[in-house]
Amino acid sequence: MVIVEPPTYPIEGFYVKTKETIMAVKGVLQPPRKVVALPTHLLLNNGFRRIRSFKESLSHFIEKYPRYYNWFDFAGRKLPALPLSVVDKVYNPLSMKHVGCISPEAERLRKILVKESGIDENFIGVTGSILLKTYSPKSDIDLVVYGIENGRRIYESMKELRERGVLQCLKDDYGLRKSRLDSSLPLKTWILVERSKILTGTFSGKVYTVKIVPLPSEYWESLDQECIEIGSAGFIGEVVEDGYSILTPNKYMVIVRKRLFGKIQEGEMVEVLSMRSRFSEMASCGDRVKVVGRLELIKLHGREWKRVFLGNDEEDIIISLHYI
C-alpha cells in the first residue's frame with residue numbers, strides 16, 4: 001500500500017520569502033534544492049507593492065537575482081530558480097487550518113468542501129492573500145487542493161454545490177481588469193470564459209478560486225526530459241483528452257485540424273501544457289479550440305513528442321471556438 005502524504009517541499013500554492021521579496025512558487029516539478037518562483041509582493045517600510053503581470057515579475061527577478069536565473073534542460077529555457085538556502089521563510093498552504101487564522105468565509109468554504117467531497121482535510125488549504133496575511137474584507141478566497149483524485153472529488157462536489165446555489169458563477173469582472181492585462185484576449189471574452197468555470201465563482205458574496213495541484217509523485221513531467229524550442233505555433237484543433245484540464249499545471253491533448261502557423265501538421269497529436277491556473281477548465285473533450293503558444297519538442301527515455309507551452313506570452317491561448 002502506497003502512503004500518500006501532503007506536500008512539504010514548496011510547490012504550486014506555496015510562497016517563499018527572501019529578503020524584501022515574497023514569491024509565488026510555480027509548478028510541481030522543482031530542480032533539486034531549488035524552487036521555481038516569481039515575485040508577487042515587494043516589501044516596503046509602510047507595507048508592500050503587489051506585482052501582477054508575468055513580465056514585470058520576471059523582470060524584477062532577473063534584475064534582483066540574476067545569478068539564480070539559469071538554464072534547465074527539462075524546461076528548455078532559463079527559469080527563476082531560487083536556492084532553498086537563501087529562502088528566509090516558506091508559506092505552506094496546509095499550515096493554516098485553525099479557526100481564527102484565516103478569513104471566516106474561507107474557513108466555511110474549506111469545511112463545506114471537505115464535508116461534501118469526503119477528502120482528507122490535510123490536503124486542502126488556503127493560498128494567496130489569506131496565506132500571506134495581507135487580506136482585507138474585500139479579498140478573494142483562494143483555496144488549493146493537493147492530489148489529482150482529491151481534486152476530482154472536490155470538483156464534482158463543487159458542481160453539485162453550484163447546482164444547489166451554495167456556489168454561484170462570477171457576477172462581474174472582479175479582478176480581471178488587472179489580472180488579464182498580460183493577455184491579448186479581450187476582457188469581455190475572459191469574463192465569459194471565467195463565468196463558465198466551476199473552480200472560479202462566488203461564495204457568500206466573495207469571489208473564490210480553487211487550484212487543484214498534482215502531488216509530485218503523480219506529476220507527469222520529469223527532470224530527465226529534454227525540452228527543445230522549435231518556435232511558435234498556432235492551430236485549430238479538437239480536444240481528445242481533458243483528464244488534467246482542471247489542474248494547475250494543466251494539460252490537454254489536442255489533434256491539429258487546421259494549421260495557422262508554425263512547424264506543425266494537420267492530424268498531429270499535440271500536448272498543450274500551462275503552469276498558469278487561468279488556462280485550467282478552458283476546454284473539454286470534443287471541443288474545437290484555438291491554440292497559440294511556444295512549440296517544443298520533448299524527449300524522454302527514447303520517446304519524443306510535440307508540446308505547445310502556454311503562459312509566457314500575451315498571445316498564448318487555448319480557447320473553445322464558441323467564445324471567439
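In every chain, residue numbers begin from 1 and rise along the written sequence. Only residues with pLDDT of at least 70 get local features here, since the model is predicted, and only at 80 or more are side-chain atom pairs given and counted; chain-wide, interface and lining totals rely on the full set of residues. Computation of side-chain values covers all heavy atoms of the structure but excludes hydrogens and water.

Chemist: Explanation requested: the sheet that holds strand 9 (residues 141-146) in the structure shown.
Modeler: In any sheet, the strands associate via hydrogen bonds between backbone groups, in a parallel or an antiparallel arrangement. With respect to topology, four strands assemble into an open sheet ordered 8-9-11-10, the strand pairing being mixed. Strands with a single pairing partner mark the edges of an open sheet, and in this sheet they are strand 8 (124-126) and strand 10 (200-203). Between one strand axis and the next, the sheet turns through 30° on average, direction left out of account. Between any two strands, pairing holds if DSSP finds at least two bridges. We count a stretch as a helix when DSSP gives it H or I for four or more residues in a row; a strand needs E for two or more, and each element gets its number in order from the N terminus. Pairing analysis gives four bridges linking strand 10 to strand 11 (residues 206-213), with the strands arranged antiparallel. Counted as the bridge partner of Phe 203 is Lys 206 from strand 11. Axes here mean lines fitted to C-alpha atoms, for a helix over just the part in contact, with angles spanning 0 to 180 degrees between N-to-C directions.

Chemist: What am I meant to see in the pairing of strand 16 (residues 303-310) here?
Modeler: Along any regular strand, the residues point their side chains to alternate faces of the sheet. Where strand 14 (residues 269-274) lies against strand 16, four bridges are found, and the strand directions are parallel. Bridge assignment links Val 272 to a residue of strand 16, and that residue is Val 308. Relative to strand 16, strand 15 (residues 288-300) runs antiparallel, the two sharing seven bridges. Residue pairing in the sheet places Lys 299 in a bridge with Glu 304 of strand 16.

Chemist: Can you help me understand empty space enclosed by the protein in this one?
Modeler: Here the idea is plain: a probe the size of a water molecule rolls over the atoms and shows the empty space left. Buried and open spaces are told apart on a 1 Å grid over the protein atoms alone, a cavity being a set of points where a 1.4 Å probe fits but cannot get out and a pocket being an open set with protein on both sides within 12 Å along at least five of seven lines. Residues with an atom within 4 Å of a point are the lining residues. Grid points are joined across faces, edges and corners, and a volume is the space filled by probe spheres set on the points. With the rule as written, the count across this model stands at one cavity of 30 Å³ or more. What lines the largest cavity is Phe 54, Lys 55, Asp 182, Ser 183, Arg 276, Arg 278, Phe 279, Gly 311, Asn 312, Asp 313, Glu 314 and Asp 316. Polar here means any residue other than Ala, Val, Leu, Ile, Met, Phe, Trp, Tyr, Cys and Pro, which are nonpolar, and Asp, Glu, Lys and Arg, which are charged; Gly is therefore polar. By residue class, the composition of the lining of the largest cavity is two nonpolar, three polar and seven charged.

Chemist: Sorry if this is basic, but what is going on with the pattern of salt bridges here?
Modeler: Two side chains of opposite charge can pair, provided their charged atoms sit close to one another. In the sections that follow, a salt bridge refers to a side-chain nitrogen of Lys or Arg positioned within 4 Å of a carboxyl oxygen of Asp or Glu. Under the counting rule described, the total for this entry stands at 16 salt bridges. The closest approach of N and O atoms between Glu 107 and Arg 110, which form a salt bridge, is 3.4 Å. With Glu 107 and Arg 110 both in helix 2 (residues 104-117) and three residues apart, this pair spans about one turn of that helix. Both residues of the pair, Glu 107 and Arg 110, count as buried. Across the pair Glu 221 and Arg 307 runs a salt bridge, and its minimum N-O distance is 2.7 Å. Of this pair, Glu 221 sits in the loop between strand 11 and strand 12 (226-244) while Arg 307 is found in strand 16, placing the two residues 86 residues apart along the sequence. Throughout this description, buried means an accessible area under 20% of the type-specific maximum (1.4 Å probe, protein chains only), exposed means over 50%, and partly exposed covers the range between. For Glu 221, a relative accessible area of 11% translates into the label buried. Given a relative accessible area of 3%, Arg 307 falls into the buried group.

Chemist: Would you mind showing me how to read the packing of aromatic side chains here?
Modeler: Given two aromatic rings, one states the distance between the centres and the angle between the planes to describe the pair. Each Phe, Tyr or Trp ring (for Trp, its six-membered ring) is paired with any other whose centre lies within 6.5 Å, and the angle between the two planes then decides the class: stacked below 30 degrees, edge-to-face above 60, tilted in between. For the structure shown, the criterion picks out seven aromatic pairs. Measuring from ring centre to ring centre gives 5.8 Å for Phe 72 and Phe 74, while their planes differ by 55°; the resulting arrangement is tilted. Each member of the pair, Phe 72 together with Phe 74, is buried. For the pair Tyr 219 and Trp 220, a centre-to-centre distance of 4.5 Å together with 40° between the ring planes defines the contact as tilted. Take Tyr 219: its relative accessible area is 9%, and that puts it in the buried class. In this structure an aromatic cluster arises from ring pairing among Phe 61, Tyr 65 and Tyr 68. Two conditions define a charge located above a ring, namely a distance within 6 Å from the ring centre to NZ of Lys or CZ of Arg, and an angle within 35 degrees of the ring normal. The cationic tip of Arg 77 hangs over the ring face of Phe 309; the distance from NZ or CZ to the ring centre is 4.5 Å. Across from the ring centre of Trp 190, 5.7 Å away, lies the NZ or CZ of Arg 278, which sits over that ring.

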